[in-house]
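Read off the chains here:
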Protein chains: 2
Amino acid sequence: MCEGQKPLKVAVLGCGSVGSQVVRLLTEQAGDLAARVGTRVELAGVAVRRIDAPREVDVPEGLLTTDAAGLVSRDDVDLVIEVIGGIEPARSLILSALEHGASVVTANKALLAEDGPTLFEAAEKAGRDLYYEAAVAGAIPILRPLRESLAGDKVTRVLGIVNGTTNFILDKMDSSGAGFAEALEEAQELGYAEADPTADVEGFDAAAKAAILASLAFHSRVTAADVHREGISEVTAADVQSAREMNSVVKLLAIAELRPGPDGDAVSVRVHPAMIPRSHPLASVREAYNAVFVESEAAGQLMFYGPGAGGAPTASAVLGDLVTVARNHLAGTRGPGESAYADRAVLPMGETRTRYHVAIDVDDRAGVLASVAQAFAEHDVSIQTVRQEGRGDDAQLVVVSHEATDAQLSATVEHLRGMDIVREVTSVMRVEGDTE
Amino acid sequence: MCEGQKPLKVAVLGCGSVGSQVVRLLTEQAGDLAARVGTRVELAGVAVRRIDAPREVDVPEGLLTTDAAGLVSRDDVDLVIEVIGGIEPARSLILSALEHGASVVTANKALLAEDGPTLFEAAEKAGRDLYYEAAVAGAIPILRPLRESLAGDKVTRVLGIVNGTTNFILDKMDSSGAGFAEALEEAQELGYAEADPTADVEGFDAAAKAAILASLAFHSRVTAADVHREGISEVTAADVQSAREMNSVVKLLAIAELRPGPDGDAVSVRVHPAMIPRSHPLASVREAYNAVFVESEAAGQLMFYGPGAGGAPTASAVLGDLVTVARNHLAGTRGPGESAYADRAVLPMGETRTRYHVAIDVDDRAGVLASVAQAFAEHDVSIQTVRQEGRGDDAQLVVVSHEATDAQLSATVEHLRGMDIVREVTSVMRVEGDTE
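All values reported here derive from a predicted model rather than from experimental measurement.

Our focus in this paragraph is the overall build of chain A. For chain A, the helix and strand inventory stands at 14 helices and 18 strands. Taking 2.2 N^0.38 as the reference for a compact globule, 436 residues should give roughly 22 Å; the C-alpha atoms of chain A span a radius of gyration of 24 Å, in line with that estimate. For chain A, the proportion of its 436 residues judged to be buried stands at 58%. Taking the intrachain contacts of chain A between residues at least 6 apart in sequence as the baseline, contacts between residues at least 24 apart amount to 74%.

Structure below.
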């Protein structure tokens, strides 16, 4: 079927854990890729920082280069795979590749979340594809379903566990009762967390993915700067225990949803730990797995589950994109580009309606519940349930609110902290995933 | 963005529960669809059996017709949505639509599983698209991920819960201890099962979907006739109880996997009830939900979950396809067509390697276990675990085998049935979903 058809030449930028798996699969699956694309896909070069660095794959002699800029501007390069990560030089290389007529596949969530529109406009101008399935949730096909499968539907909410490190830590805290520091240490020992875990545990990684998911789901430009972000380093064993008592579990969620705004539907986009009921499909996502739960008007509730990171899984997503982009390149066409026509506003976190779970150590005397209830009422927050536990020095109230704005809820918590009868607010956490 | 661009005209064949939702969404989401496609998508006509039948949606006056053949051959029809179901007249109408230059979206699993290649060849010849995401697992995007997202990977196994009726019945039997007849009756009362439930409970519906999944996953032509099919009408409360004692659950699985065959990898494709561990992601798929679990070499384990049927969910999948097909139609291109280059053989069920769970009522006397073990050994079946339960008249052996061919395993069961010391073989079921 491929006779006479010119092979496509692909340049790979970066040969770390993802890049080396991309090179391996390009070689090992060459026959299948040729059959699926319609012509052979040949490696034109692999750009690395150091030629002699140890790597997981044997790159054919003569293909390694330190001149990434030269590689992407070569006339014979049809497709460029960018798996360097970070903002620069990745951005300049992608822009140069597009200007020189190549189509691009990237796994670069940070760059897309910071400056996606610049890249999309360059791809549009060049008439080339820019695909990036691997940027969110590793091997899990989620961007293509959002962009294509759900293109005839109205997505109303996306709830994602999109960071494996934090899910591993929270799962460990849930299953063993460990505190954050102890669970982090175990994650580091097992290679699930980096020596400097900031990007993961403080939610920066998840926030970049949330921005990408929100942009696609709501056909609007959402950047990392639009995302309200809270990490998990403040989550305590007491929070996790409190969740357990509510038959819930704590997860770091990337949430993107449509909410009524001043001028029609607006986008709320945020990353924070939240309690979800154990009966929710996301609750059973264990260890370092990822999952994205999507709600839409016609399809209802969908979930996509799988490995969110790792060299081979991420390479699978990259090569899936490569096959599509290569087919388009051969046919002289391109897939759907950026879709931002809806141009929805992003709602500030304070105006977003959420629900809070609050646990309070209180004095054990008459009237305490009434006073606490009064504090909620003063901020116009209605209470869904109150549980009183213990007596004397151990007296505790656990309150779950109905929906109110996040500003009202956080003001309520501040109010509680200042009350004489309140010894300590021991746990404050948002509640999500109610499917009623 | 759409100014000056000619609108696309779409014909809908069938206006039942899916068709009426398609018509509703085409109307209600017209603005969004136009922005996503690049031009307006207008209803050209809706073919129905009876003009005056009651239906869930108001079709604009003058658009209803009983002349489906005339509608699909109209020069101004660009896109045809077929949601009549069944073999004829659906096949003739789709072929006629393609011949007349329209692209086609269908939800027709039975037709695709019986005669897909005829349709794919007609689409290829016409240079038009034939998309069918809605044919398997309703709203769940599974065909597009298999066909495109995993195009750079090697899929090794697909395990699907792809029939909501049988999942509802088995879930009910598991949660309440009910027998099959009682659970079926409840499913019928709640509208999850039809008055004649044969297509669902005997696995015909799931077998059609298994054929479609196997074709896409393994790039080979697999039809419904290739699928080994067993339904759930023989599943007893004792089977479900026996699964529970193994911390497992009974599910009707559509299984498509690569297995070593005489000439390289062959395809095993089958639908039957099986016990899977409760820790498996598919075990928690409750009620009438569907889910498809995919294993591939690079991506690892993925799962896709959601509503497998229903008018609106199925319409969501149809309209997702419609947007892609419409974009391709505008651009004068087409998406990936049939991919059957691997042309793998289908392995007969008897040669497929499976594992059996067998529960046997036995005489309570010395040497029984040795005799039973000997029966397994004679058929070259190795035993993984044996559990002895009860004494006297209640003595029972529960054996779980290692993998052997299905023929060896069924011969072993026949052998056991003929043994003097065996009073009754009370439960025989395959075991799947081991993730070791």
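Read on for the rest.
We now examine the interface of chain B and chain A. Counting from both sides, the interface comprises 46 residues of chain B and, opposite them, 46 residues of chain A. The junction of chain B with chain A conceals about 3800 Å² of combined surface from both sides, 53% of it contributed by carbon and sulfur atoms. It is B:Arg36, B:Tyr305 and B:Tyr341 in chain B that bury the most area against chain A; as a group they hold 16% of the surface buried on that side. On the surface where chain B and chain A come into contact, there are two salt bridges. Between A:Arg144 and B:Glu148 there is a salt bridge, with the nearest N and O atoms lying 2.9 Å from each other. Taken together, the connections running from chain B to chain A amount to 18 residue pairs in polar contact (both at pLDDT 80 or more). Breaking the side of chain B that touches chain A down by element, the ones donating at least two residues are helix H2 (30-37), helix H6 (143-149), strand S12 (300-307) and helix H12 (311-331) of chain B. At nine residues, H12(B) tops the list of elements feeding residues into the side of chain B that touches chain A. Tallied by class, the residues present in the side of chain B that touches chain A amount to 25 nonpolar, twelve polar and nine charged. Here strand S12 (residues 300-307) of chain A pairs with S12(B) via three bridges, running antiparallel.

Turning our attention to the UniProt feature "binding site: NADP(+)" (unreviewed entry) in chain A. All names here are of chain A. With numbering aligned to this structure, UniProt lists the feature "binding site: NADP(+)" (unreviewed entry) at Leu13, Gly14, Cys15, Gly16, Ser17, Val18, Gly19 and Ser20. Inspection of the secondary structure puts Cys15 in the loop between strand S1 (8-13) and helix H1 (17-28). A residue is classified by how much of its surface remains accessible, and Cys15, at 12% relative accessible area, is buried. What Cys15 contacts, discounting residues up to four positions off in sequence, is Ser20, Val46, Ala47, Val48, Arg55, Val57 and Val59. With respect to the helices and strands, Ser17 occurs in helix H1. We classify Ser17 as partly exposed; its relative accessible area is 41%. The contacts of Ser17, once residues within four sequence positions are left out, are Glu56 and Gly311.

Turning our attention to the sheet that holds strand S5 (residues 103-106) of chain B. All names here are of chain B. Across the sheet, six strands lie side by side as S3-S2-S1-S4-S5-S6; this open sheet has parallel pairing. A strand with exactly one partner marks an edge of an open sheet, and here the two such strands are strand S3 (64-65) and strand S6 (130-131). In the sheet, strand S1 (residues 8-13) pairs with strand S4 (residues 79-82) via four bridges, with the strands oriented parallel. Note that in S4 the partner of Ala11 across the bridge is Val80.

Glancing now at the packing of aromatic side chains. One pass over the structure, following the stated rule, counts seven aromatic pairs over all chains. Measuring from ring centre to ring centre gives 5.7 Å for A:Phe120 and A:Tyr132, while their planes differ by 35°; the resulting arrangement is tilted. Separated by twelve residues along the polypeptide, A:Phe120 in helix H5 (residues 109-126) and A:Tyr132 in the loop between strand S6 (130-131) and helix H6 (143-149) bring together distant segments of the chain. On the basis of relative accessibility, which here comes to 7%, the residue A:Tyr132 falls in the buried class. Directly above the aromatic system of B:Tyr131 lies the positively charged group of B:Arg147, at a separation of 4.5 Å from the ring centroid. The positively charged end of B:Arg229 is found above the aromatic ring belonging to B:Phe204, 3.8 Å away from the centroid.

With that out of the way, let us pick up the packing of helix H7 (residues 164-176) of chain A against helix H8 (residues 180-189) of chain A. Residue and element names in this part refer to chain A. At a minimum axis separation of 9 Å, H7 and H8 run at an interaxial angle of 125°. As judged from the angle between their axes, H7 and H8 are oblique. When the axes of H7 and H8 are compared, the crossing they make is right-handed. Across the interface between the two elements, Phe168, Ile169, Lys172 and Met173 from H7 touch Phe180, Ala183, Leu184, Glu186 and Ala187 from H8. Of the residues belonging to the contact of H7 with H8, the class tally is seven nonpolar, no polar and two charged.

Bringing helix H4 (residues 90-99) of chain A into the picture now. Residue and element names in this part refer to chain A. Of all ten residues that make up H4, eight are buried, and the element is covered over most of its length. Ala90, Arg91, Leu93, Ile94, Leu95, Ser96, Ala97 and Leu98 are the residues of H4 that are buried. Looking one or two residues past H4, Gly101 carries a phi angle of roughly 90°, positive in sign.

Residue and element names in this part refer to chain A. Taken as a whole, chain A is organised into domain 1 (8-136 + 311-331), domain 2 (143-307) and domain 3 (350-431). Taking the mean C-alpha position of each, domain 2 and domain 3 sit 25 Å from one another. Listed as interface residues are 16 residues of domain 2 and, on the opposing side, 15 residues of domain 3. With both sides pooled, the region where domain 2 packs onto domain 3 buries about 1200 Å², and carbon together with sulfur makes up 52% of that total. The largest share of the area that domain 2 buries against domain 3 comes from Met246, Arg259 and Met275, three residues that together contribute 39% of it. Our count for the contact surface shared by domain 2 and domain 3 stands at three salt bridges. Of all the secondary structure elements, the ones that give two or more residues to the side of domain 2 that touches domain 3 are helix H11 (237-245), strand S9 (248-261) and strand S10 (264-277). Partitioning the side of domain 2 that touches domain 3 into residue classes produces six nonpolar, four polar and six charged.

Rules and cut-offs
- Residues numbered from 1 in each chain as written.
- Chains lettered and ligands numbered in written order.
- Predicted model: local features only at pLDDT ≥ 70, side-chain atom pairs only at ≥ 80, totals over all residues.
- Heavy atoms only, no water.
- Helix = DSSP H or I, 4+ residues; strand = E, 2+ residues; numbered from the N terminus.
- Rg over C-alpha atoms; globule rule 2.2 N^0.38 Å.
- Buried < 20%, exposed > 50% of the residue type's maximum accessible area, 1.4 Å probe, protein only.
- Contact = heavy atoms within 4.5 Å.
- Buried area = accessible area lost by both parts, 1.4 Å probe.
- Salt bridge = Lys/Arg side-chain N within 4 Å of Asp/Glu carboxyl O.
- Polar contact = N/O pair within 3.5 Å; in protein donor to acceptor, adjacent residues only side chain to side chain.
- Nonpolar A, V, L, I, M, F, W, Y, C, P; charged D, E, K, R; others polar.
- Pairing = 2+ DSSP bridges.
- UniProt positions renumbered as here; feature names shortened; annotations may be inferred.
- Phe/Tyr/Trp six-rings, centres within 6.5 Å; stacked < 30°, edge-to-face > 60°.
- Lys NZ or Arg CZ within 6 Å of the ring centre and 35° of its normal.
- Axes fitted to C-alpha atoms, helices over the stretch in contact; angles between N-to-C directions.
- Parallel < 35°, antiparallel > 145°, perpendicular 65-115°, else oblique.
- Left-handed = near helix turned anticlockwise from the far one by under 90°.
- Domains from an automatic or database assignment.

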